[in-house]
Amino acid sequence: MASEKRYWNKEIECMPREEMIKLQNERLVAQVKHVYDNVPYYRELMKKRGLTPDDIRSIDDLHKLPFLTKADLRDAYPYGLLAKPLEDCVRIQSTSGTTGKRVVAFYTQHDLDLWEDCCARAIVAAGGSNKDVCQVCYGYGLFTGGPGLNGGSHKVGCLTLPMSSGNTERQIQFMMDLGSTILCCTPSYAAYIGETLHDMGYSPDDIKLKAGIFGAEPWTEEMRHEIERLLGIKAYDIYGLTETSGPGVSFECEEQTGMHINEDHFIAEIIDPDTGEVLPEGSKGELVFTSITKEAFPLLRYRTRDICVLTREKCSCGRTLVKMSKPMGRTDDMLIIKGVNVFPSQIESVLLKMSNATPNYQIVVDRVGTTDTFEILVEISDDMFSDTVKTVEELSKKISSDIQSILGIRAKIKLVEPKSIPRSEGKAVRVIDKRKLV
Ligand code: DLL
């Protein structure tokens, strides 16, 4: 199965480079005109730069356009960036942000269709077909995860289980009764489902799952291996954000070395987050997307704040679509502790290398006087829990020294009982920052 070539839309996914550029040029020119004519907010941004749609003739002119940021989306909330009359819009989705104004994205029927098509590509790349039973445990509702994968699964013709998240034992029961073969959820929830399966006395041999499509939060290669082991599946990454429709902006193929971006819908750039300068292929920087097919909520040069690398190296799957690395952090959720930049994924990689620690952790940052405190709660495994104090102390020291060697700062490690860190049914809460830095 793994070596089979699997495409939802082979013509697009394997399109020769020159043809893709031609398609992108045509779509970009039309999209800039559409936005200029219909979105006064963006028209003003362009005017400030002395630009009209005639100045954008191909993707070589893309760099001339102003960036759009989350602050713009908040400014224009709720209808200010809408590019179609309300009567043409059929859906909204929204970010999970709990502070300030939410980001609201709008869809015409055409937009929903394209979005679901992108998700269908991801499902097929993970081995899905109309013979599959696809269990969708991303949240449904305003969050894009459930509706996006649900729509993609329908398109592919899978028998779709719209479970949403939560009630994990019932998830497993359904998985067994209905013979689910594909699981879609956040990686942290996938790991939790895997743990619960084992706690219920089952093994991967008792279920029919073969693949999982996991995204919406950062996860490491080590976490992938752990999920693959717990559930006996191949775990595929999927990326997207509400602003660009939701999941399916990019997806992993069987090579599992980065996510192919659906370039017929999104033009990707990597920029220096400080200067805004476009960086050459292979550089690490902030990912910027221009959506060239969306009707209701098209975004030109939208700054995602996700840090990653793009590569056009030939992929053994045959797809010619550019690949993005896993996001390596964000320009905004990066923690600065004692002056050092800390990405939670760095801590996760350390923990996953320890046989007696679990990937369930929580970073607690606080400030006493002017000094930051940095504590990491780490759940130990069941086996370790019954071990001697000495072995537990040794594990704590090992984690502490590995973290210090990676980050250059000391963290206080607090080993806690198995299952004592609250589990998440959506995105895991990895960081508790009590410093009130803003
Ligand atoms: O998380 C959309 C989504 C749903 C993607 C289901 C994949 C699967 P938002 O809630 O708007 O949308 O959050 C978007 O989540 O900018 C990234 O920082 C992060 N993110 C999304 N996918 C991944 C991933 C959805 N595969 C923000 N790896 C993005 C790492 C991811 N981070």
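Residues numbered from 1 in each chain as written. Predicted model: local features only at pLDDT ≥ 70, side-chain atom pairs only at ≥ 80, totals over all residues. Heavy atoms only, no water.

Considering the domain arrangement of the protein
As assigned here, the protein comprises domain 1 (1-328) and domain 2 (335-433). Using C-alpha coordinates to define each centre, domain 1 is positioned 30 Å away from domain 2. Taken together, the contact between domain 1 and domain 2 spans 19 residues of the former and 16 residues of the latter. Of the roughly 1,400 Å² buried between domain 1 and domain 2 on both sides combined, carbon and sulfur atoms contribute 55%. Joining domain 1 to domain 2, the criterion identifies three salt bridges. Two residues, Lys419 and Asp199, come together in a salt bridge whose shortest N-O distance is 3.1 Å. On the surface where domain 1 and domain 2 come into contact, there are seven residue pairs in polar contact (both at pLDDT 80 or more). Counting residues per element, the ones that place at least two in the side of domain 1 that touches domain 2 are helix H8 (187-199) and helix H9 (221-231). When its residues are assigned to classes, the side of domain 1 that touches domain 2 shows seven nonpolar, seven polar and five charged. (Domains from an automatic or database assignment. Contact = heavy atoms within 4.5 Å. Buried area = accessible area lost by both parts, 1.4 Å probe. Salt bridge = Lys/Arg side-chain N within 4 Å of Asp/Glu carboxyl O. Polar contact = N/O pair within 3.5 Å; in protein donor to acceptor, adjacent residues only side chain to side chain. Helix = DSSP H or I, 4+ residues; strand = E, 2+ residues; numbered from the N terminus. Nonpolar A, V, L, I, M, F, W, Y, C, P; charged D, E, K, R; others polar.)

Focus on helix H3 (residues 40-48)
Among all positions of H3, only Tyr42, Leu45 and Met46 are buried. Buried residues along H3 cover an arc of 95° about the axis, so they all sit on one side. For H3, the secondary structure elements touched by its buried residues are helix H2 (17-38). (Buried < 20%, exposed > 50% of the residue type's maximum accessible area, 1.4 Å probe, protein only. Arc of directions from axis to C-beta.)

Remarks on the nonpolar core
The biggest cluster of nonpolar side chains holds 67 residues, and the ones touching the most others in it are Tyr42, Leu65, Leu149 and Leu287. For this core, the element with the most residues is helix H5 (residues 109-125), which contributes eight residues. Ignoring sequence-local partners within four residues, the contact set of Leu65 consists of Val32, Tyr42, Met46, Arg49, Leu51, Ile56, Leu300 and Arg301. (Core = buried A, V, L, I, M, F, W, Y, C linked by side-chain atoms within 4.5 Å.)

Observations concerning the site of the ligand
Of all residues adjacent to the ligand, which total 22 residues, the nearest are Ala216, Asp237, Ile238, Thr242 and Asp306. Between the ligand and Ala216 there is a distance of 3.1 Å, counted from a nitrogen atom to a backbone nitrogen or oxygen. At 2.7 Å, a backbone N or O of Ile238 approaches a nitrogen atom of the ligand. A total of five residues in the shell around the ligand trace back to one element, the largest contributor, which is strand S7 (residues 234-241). Taken together, the residues of the shell around the ligand break down into nine nonpolar, seven polar and six charged. (Near = heavy atom within 4 Å.)

Description of the environment of Gly276
Mapped onto the fold, Gly276 is located in the loop between strand S10 (266-271) and strand S11 (284-291). Its relative accessible area of 15% is what places Gly276 among the buried residues. Put simply, Gly276 and Ile307 are 31 residues apart on the chain and 13 Å apart in space, counted from C-alpha to C-alpha. Contact partners of Gly276, with chain neighbours within four places excluded, come to Phe67 and Ile271.

Some points on the sheet that holds S7
Here 11 strands make up an open sheet; going across it, the order is S4-S3-S5-S6-S7-S8-S9-S13-S12-S11-S10 and the pairing mixed. The open sheet is flanked by strand S4 (159-162) and S10, the only strands paired with a single partner. In this sheet, S4 lies alongside strand S3 (residues 133-136) in parallel orientation, the contact comprising four bridges. Paired with Gln135 across the bridge in S4 is Leu161. Taken strand by strand, H5 contacts strand S5 (182-185), strand S6 (211-215), S7 and strand S8 (246-252), and its axis lies near 30° from that of S8. This element, H8, spans S5 and S6 of the sheet and lies at about 130° to S5. (Pairing = 2+ DSSP bridges. Axes fitted to C-alpha atoms, helices over the stretch in contact; angles between N-to-C directions.)

A closer look at H9
Along H9, the residues that are buried comprise Met223, Arg224, Ile227, Glu228, Leu230 and Leu231. Viewed along the axis of H9, the buried residues span an arc of 165°, placing them on a single side of the element.

A word on the state of the cysteines
Under the criterion given, the structure shown has zero disulfides. Free of any disulfide, Cys137 has its nearest cysteine sulfur in Cys185, 5.3 Å distant. When its relative accessible area of 1% is taken as the criterion, Cys137 is described as buried. (Disulfide = S-S within 2.5 Å.)

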